[in-house]
Amino acid sequence: MSQAKPFSISKQLVWEAYKRVKANQGAAGVDSESVEQFERKLKDNLYKIWNRMSSGTYFPPPVRTVAIPKKDGGERMLGIPTVSDRIAQTVVSMYLEPLVEPHFHPDSYGYRPKKSALQAVEVARERCWRFDWIIDLDIRGFFDNLDHALIMRAVAKYTDCRWVLLYIERWLKAPAQLKDGTLQARAKGTPQGGVTSPLLANIFLHLAFDDWMRKTHPAVPFERFADDVIAHCASEGQAQVVKRSIEARLKRCKLELHPDKTKIVYCKDDDRRGTYPHEKFDFLGYTFRPRRSKNRWGKYFINFSPAVSNQAATKMRQTMRRWRWRQR
């Protein structure tokens, strides 16, 4: 490591970041360079990334945008950085993640080591047996609407490392390159598809939601996977109060709940009487609803539990059809 450089970044960290990017593969960015093409001049390319990051002269290229269909019929814009930029972002993520990870809430499951969507579904399943009501929270356009100044404030709570803050700010401001080649400046949001985006989302929502819930509504457990959130309540009245409180909190953080997709759900089973307009919800590819189950003595009862959602099952069937079993 050179002492002449203003920022102390080890070459080993850049090498480890490259190995992660190589393992993940992924599409090419605006320069159309694949991982294989990057590796043709691997030593030179990695040196260039290290040299520029260490000297403070690394400026991210534009992010290539790709539209992918959403389940509600709309489109979600993915941002695909170049291979070099993915490595640079991984360098920052590898430095920052160990600093923030110990602070995160145990019920935050998205994009974290030793945490998974299935764990979140399992915990939600058990809590739906204990709590009669849930709030199914949908944050409108979460990744597209994150406030840059608030993100930088959140990251600065965990590190004062100058190069980490410098490069995160540059990535937030990096323009998006549309399909026709035009560049679109970005005043808010972080691109879905960026390496640092999931970590920034977790840092932001830890302070905006997780830690706030722990202090403000300690009796309301929740499961969060990135911006997918389920909160459990003992009564409809409590659910209404907590929903309004969350709405006000997110507004202060320059985010809003989707008015149509956010709903209060009654976890109906054999022991829970009455009806409610919403008695099922989807969470991480599973539909939670009243189901006919059989206990250990062979007796049938109605149980509120998850099973694969219709949309997830359709995707599975489409994938299986592409296997072309009959041709084998």
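Residues numbered from 1 in each chain as written. Predicted model: local features only at pLDDT ≥ 70, side-chain atom pairs only at ≥ 80, totals over all residues. Heavy atoms only, no water.

Draft legend 1. Representation of the nonpolar core within the structure. By size, the foremost hydrophobic cluster in this structure holds 69 residues, and its most contacted members are Met53, Ile87 and Trp163. When residues in this core are grouped by element, the largest group, ten residues, is from helix α9 (residues 197-216). Excluding residues within four positions of it along the chain, Ile87 makes contact with Val14, Ala17, Tyr18, Val21, Phe38, Leu46 and Ile49. (Core = buried A, V, L, I, M, F, W, Y, C linked by side-chain atoms within 4.5 Å. Buried < 20%, exposed > 50% of the residue type's maximum accessible area, 1.4 Å probe, protein only. Helix = DSSP H or I, 4+ residues; strand = E, 2+ residues; numbered from the N terminus. Contact = heavy atoms within 4.5 Å.)

Draft legend 2. Looking closely at the pairing of strand β11 (residues 300-308). The pairing of strand β10 (residues 286-294) with β11 spans nine bridges and is classified as antiparallel. Bridge pairing in β11 links Phe288 to Pro306. (Pairing = 2+ DSSP bridges.)

Draft legend 3. Geometry of the packing of helix α4 (residues 83-100) against helix α8 (residues 162-173). Running from N to C, α4 and α8 cross one another at 135°; their axes reach a closest spacing of 11 Å. If you check the angle between α4 and α8, you find them oblique. Crossing of α4 against α8: the hand is left-handed. Contact with α4, carried on its side by Asp85, Ala88, Gln89, Val91, Val92, Tyr95 and Leu96, involves Trp163, Val164, Tyr167, Ile168 and Trp171 of α8 and no other residues of that element. (Axes fitted to C-alpha atoms, helices over the stretch in contact; angles between N-to-C directions. Parallel < 35°, antiparallel > 145°, perpendicular 65-115°, else oblique. Left-handed = near helix turned anticlockwise from the far one by under 90°.)

Draft legend 4. Layout of the pattern of salt bridges. Counted under the stated rule, the structure contains 15 salt bridges. Put simply, Glu101 and Arg112 hold a salt bridge, and the shortest N to O gap is 2.6 Å. With Glu101 in the loop between α4 and α5 (117-130) and Arg112 in the loop between α4 and α5, this residue pair connects regions lying eleven residues apart in the sequence. Among the residues examined, Arg112 registers a relative accessible area of 9% and is labelled buried. (Salt bridge = Lys/Arg side-chain N within 4 Å of Asp/Glu carboxyl O.)

Draft legend 5. Region of interest: the packing of aromatic side chains. Inspection of the entire model under this criterion finds 13 aromatic pairs. Ring geometry for Phe142 and Phe143: centres 5.1 Å apart, planes at 80°, overall edge-to-face. Phe143 matches Phe142 in its accessibility class, with the two residues each being buried. Over the ring of Trp50 we find Lys11; its NZ or CZ atom is 4.6 Å from the centre of that ring. (Phe/Tyr/Trp six-rings, centres within 6.5 Å; stacked < 30°, edge-to-face > 60°. Lys NZ or Arg CZ within 6 Å of the ring centre and 35° of its normal.)

Draft legend 6. View of the sheet that holds strand β4 (residues 176-177). An order of β2-β1-β4-β5 is seen for the four strands of this open sheet, with the pairing classed as mixed. The outermost strands of the open sheet, each flanked by one partner alone, are β2 (75-80) and β5 (183-184). Where β4 and β5 come together, two bridges link them in antiparallel fashion. When the bridges of β5 are listed, Gln177 appears paired with Leu183.

Draft legend 7. Highlighting empty space enclosed by the protein. Summed over the entire model, instances satisfying the criterion amount to one cavity of 30 Å³ or more. Every residue lining the largest cavity is listed: Val63, Asp85, Gln89, Trp171, Leu172, Ala174, Arg186, Thr190, Pro191, Gly194, Thr196 and Ser197. Those elements that provide at least two residues to the lining of the largest cavity are α4 and α8. (1 Å grid on protein atoms, 1.4 Å probe; cavity = no way out; pocket = protein on both sides within 12 Å on 5 of 7 lines; lining within 4 Å. Points joined across faces, edges and corners; volume = space filled by probe spheres on them.)

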